[in-house]
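If you want the building blocks of each chain, they are given just below.
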Amino acid sequence: MRTLTIACFLSMCLFLYAQAAPCYGTKMPAKKGFFAGAQVHSVLDRKLEHDSGKIRSAQYFVLLSYGLFDWLSVDLKGGAGNIKQRPCAGDDVNYKINFAGGYGFRLKLVDKGKIKAVFGFQHISVHPSGSEVAGIKHKAILDDWQTSLLVSCDMGKVTPYAGTRWSRVDYIHRQDSDRKRTMSDFGKSVGLIAGLDVPLSEKIWLNLEGQAFDSEAFSCSVNYKF
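Residues numbered from 1 in each chain as written. Predicted model: local features only at pLDDT ≥ 70, side-chain atom pairs only at ≥ 80, totals over all residues. Heavy atoms only, no water.

## Here we look at the pairing of strand β12 (residues 216–225)
Then, number 1: Note: strand β1 (residues 34–47) against β12, 10 bridges, orientation antiparallel. The residue of β12 that forms the bridge with Asp 45 is Glu 216.
Then, number 2: Bridge analysis of strand β11 (residues 204–212) against β12 gives eight bridges, and the strand direction is antiparallel. Looking at the pairing, Gly 210 lines up with Phe 218 of β12.
Then, number 3: A loop of three residues connects β11 with β12, the two strands running antiparallel in sequence, and Phe 213 in this loop sits at a positive phi of about 80 degrees. (Pairing = 2+ DSSP bridges. Helix = DSSP H or I, 4+ residues; strand = E, 2+ residues; numbered from the N terminus.)

Right, here's the structure in full:
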């Protein structure tokens with residue numbers, strides 16, 4: 001109960017103060033091992049280039065990680081997500097939930113005692129349903145890319161981690177027959193990451209993560225080790 005109370009408190013802090021794809025943390029499957037889980041990822045605010053406004057997205061995934069080696073894992077996800085685009089001028093465009101998926105890998109750089117360092121690459125693509133605003137049909141795709149470097153310290157009941165990342169979001173927008181790709185604000189491409197792994201049993205753990213500076217985003221997942 002004490003561990004869960006600490007986890008809930010820290011998750012609230014991350015949600016309130018976090019400023020695109022989740023990094024999964026530094027816990028990786030052993031060679032030929034599997035992790036599975038369920039994840040919620042919420043992008044609260046991501047600014048676009050050229051005064052194109054900002055976007056938000058809620059995403060829901062089933063996760064699967066496989067250890068190619070003890071030091072290298074492949075991470076896959078599938079599920080659904082939506083997009084809300086808020087231009088600097090004009091009406092918001094809300095795209096309803098539809099297919100979303102992603103992939104990535106993590107490379108373990110350091111594993112000494114309680115300290116781990118992991119480099120990662122992740123990509124998420126969201127393909128929501130189309131929307132219609134003032135008689136104009138809109139379609140969109142959200143592509144979220146990032147590389148990250150994380151360091152964690154196993155403190156027994158919890159494993160906090162922190163690090164940095166480079167990220168980019170592409171908002172691919174089709175208005176009737178006009179198609180345009182708008183990237184995220186280049187001046188906000190580098191961000192900070194803070195997260196926490198909380199063991200719930202020998203094989204089950206909770207992962208909480210927030211991102212700051214490049215975007216405001218938060219993720220939470222429950223994971224199982226096979």
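## Considerations on the layout of surface pockets
Then, number 1: Size it by volume and the largest pocket reaches roughly 420 Å³.
Then, number 2: Lys 27, Lys 116, Asp 154, Thr 159 and Asp 197 are, among the 27 residues lining the largest pocket, the residues nearest its centre.
Then, number 3: Broken down by secondary-structure element, the contributors of at least two residues to the lining of the largest pocket are β1, β5 (115–126), β7 (136–153), β10 (190–199) and β11.
Then, number 4: In terms of residue count, the dominant contributor to the lining of the largest pocket is β10 (three residues).
Then, number 5: A breakdown of the residues in the lining of the largest pocket according to their chemical character gives 12 nonpolar, seven polar and eight charged.
Then, number 6: Considered as a void within the structure, the second largest pocket measures approximately 340 Å³ in volume.
Then, number 7: When grouped by side-chain class, the residues that make up the lining of the second largest pocket number eight nonpolar, seven polar and three charged. (1 Å grid on protein atoms, 1.4 Å probe; cavity = no way out; pocket = protein on both sides within 12 Å on 5 of 7 lines; lining within 4 Å. Points joined across faces, edges and corners; volume = space filled by probe spheres on them. Nonpolar A, V, L, I, M, F, W, Y, C, P; charged D, E, K, R; others polar.)

## Some words on the confidence of the model for the protein chain
Then, number 1: Confidence in the prediction for the protein chain averages 86 pLDDT; 91% of positions are at 70 or higher.
Then, number 2: Across residues 1–19, confidence stays below pLDDT 50; counting only partners more than four residues off in sequence or on other chains, it has 32 contacts. (pLDDT = per-residue confidence, 0-100. Contact = heavy atoms within 4.5 Å.)

## Overview of unusual backbone geometry
Then, number 1: If you check the backbone angles, Tyr 24 has positive phi at about 75 degrees while not being a glycine.
Then, number 2: Take Tyr 24: it is sitting in the loop between α1 (2–17) and β1.
Then, number 3: The residue Lys 32 is not glycine, and still its phi comes out positive at about 65 degrees.
Then, number 4: Along the chain, the position of Lys 32 falls in the loop between α1 and β1.
Then, number 5: For Lys 32, a relative accessible area of 61% gives the class exposed. (Buried < 20%, exposed > 50% of the residue type's maximum accessible area, 1.4 Å probe, protein only.)

## So, the side chain of Ser 189
Then, number 1: The topology assignment puts Ser 189 in the loop between β9 (178–183) and β10.
Then, number 2: Given a relative accessible area of 6%, Ser 189 falls into the buried group.

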